[in-house]
Amino acid sequence: MAESFITTNRFFDTKHYPRGFSRHGDFTIKEAQLLERYGQAFNELDAGKREPQTEEEKLFVSACRGEREPTTLEEKVWAKYVSRIRRPKRFHTLSGGKPQIDPSEDYTDTDD
């Protein structure tokens, strides 16, 4: 991996992980460090902004495209990250139940 995933920039996702990857709880410390160090390269390869230079990068791109299952740690961490940012957000209510709608109230707008 010494020559693969080379980048000079650290990767941060302030939209989904404003406090950082390691403080959010979705990733282990090792996974968070891997994302911060190589995430910029992962993102560019996944988005097609960067051509794969090594065999490892070519395999990474094929895993990103779903052509094969992620097998390396880098592929698994990126797949985990992508699945976390694409999942719908959960919401919690204070009452623990679903919001109740009063059937007697009609909210339709009728302009006659």
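The rules behind these values
- Residues numbered from 1 in each chain as written.
- Predicted model: local features only at pLDDT ≥ 70, side-chain atom pairs only at ≥ 80, totals over all residues.
- Heavy atoms only, no water.
- UniProt positions renumbered as here; feature names shortened; annotations may be inferred.
- Core = buried A, V, L, I, M, F, W, Y, C linked by side-chain atoms within 4.5 Å.
- Buried < 20%, exposed > 50% of the residue type's maximum accessible area, 1.4 Å probe, protein only.
- Helix = DSSP H or I, 4+ residues; strand = E, 2+ residues; numbered from the N terminus.
- Contact = heavy atoms within 4.5 Å.
- Polar contact = N/O pair within 3.5 Å; in protein donor to acceptor, adjacent residues only side chain to side chain.
- Phe/Tyr/Trp six-rings, centres within 6.5 Å; stacked < 30°, edge-to-face > 60°.

The name an unreviewed UniProt entry assigns to the chain is Macrodomain Ori protein, from the organism Moellerella wisconsensis ATCC 35017. Checking UniProt for the chain, the heading Sequence similarities (unreviewed entry) contains the comment "Belongs to the MaoP family."

Participant: Describe the nonpolar core, naming the residues involved and giving the relevant values.
Facilitator: Of all hydrophobic cores here, the largest spans 18 residues; its most connected members are Phe 5, Phe 21, Phe 27, Leu 35, Trp 78 and Tyr 81. Mapped onto this core, the elements with two or more residues apiece are helix 2 (29–47), helix 3 (55–64) and helix 4 (73–86). No other element matches the 7 residues that helix 2 contributes to this core. Excluding residues within four positions of it along the chain, Phe 5 makes contact with Tyr 38, Ala 41, Phe 42, Leu 45, Arg 50, Glu 56, Glu 57, Phe 60 and Glu 74.

Participant: Lay out the environment of Asp 26 in plain terms, naming residues and giving numbers.
Facilitator: Its location among the elements puts Asp 26 in the loop between helix 1 (21–24) and helix 2. Judged by its relative accessible area of 13%, Asp 26 is buried. Sequence spacing of Asp 26 and Tyr 81 is 55 residues, and the spatial spacing of their C-alpha atoms is 8.6 Å. In this structure the side chain of Asp 26 is engaged in a polar contact, spanning 3.4 Å, whose partner is the side chain of Arg 84.

Participant: Explain the environment of His 16 to me, and be specific about the residues and the numbers.
Facilitator: Along the polypeptide, His 16 turns up in the segment before helix 1. Residues His 16 and Arg 84, 68 residues apart in the sequence, show an inter-C-alpha distance of 8.9 Å. When near neighbours in sequence (up to four residues on either side) are disregarded, His 16 contacts His 24 and Ile 85. Looking at His 16, its side chain comes within polar contact range of the side chain of Asp 13, at 3.0 Å.

Participant: Give a detailed account of the packing of aromatic side chains, specifying residues and quantitative values.
Facilitator: Under the defined criterion, the tally for this structure stands at 14 aromatic pairs. Between Tyr 38 and Phe 42 the ring centres are 6.4 Å apart and the planes differ by 35 degrees, which places this aromatic pair in the tilted class. In this pair, Tyr 38 and Phe 42 both sit in helix 2, 4 residues apart, roughly one turn of the helix. There is no split in this pair, since Tyr 38 and Phe 42 are both buried. Taken together, a centroid distance of 4.9 Å and an interplanar angle of 35 degrees make the contact between Trp 78 and Tyr 81 tilted. Taken as a pair, Trp 78 and Tyr 81 lie in helix 4 at a separation of 3 residues, close to a single helical turn. Residue classification places Trp 78 among the buried positions, given a relative accessible area of 3%. Among the aromatic side chains, those forming a connected cluster through ring pairs are Phe 5, Phe 11, Tyr 17, Phe 21, Phe 27, Tyr 38, Phe 42, Phe 60, Trp 78 and Tyr 81.

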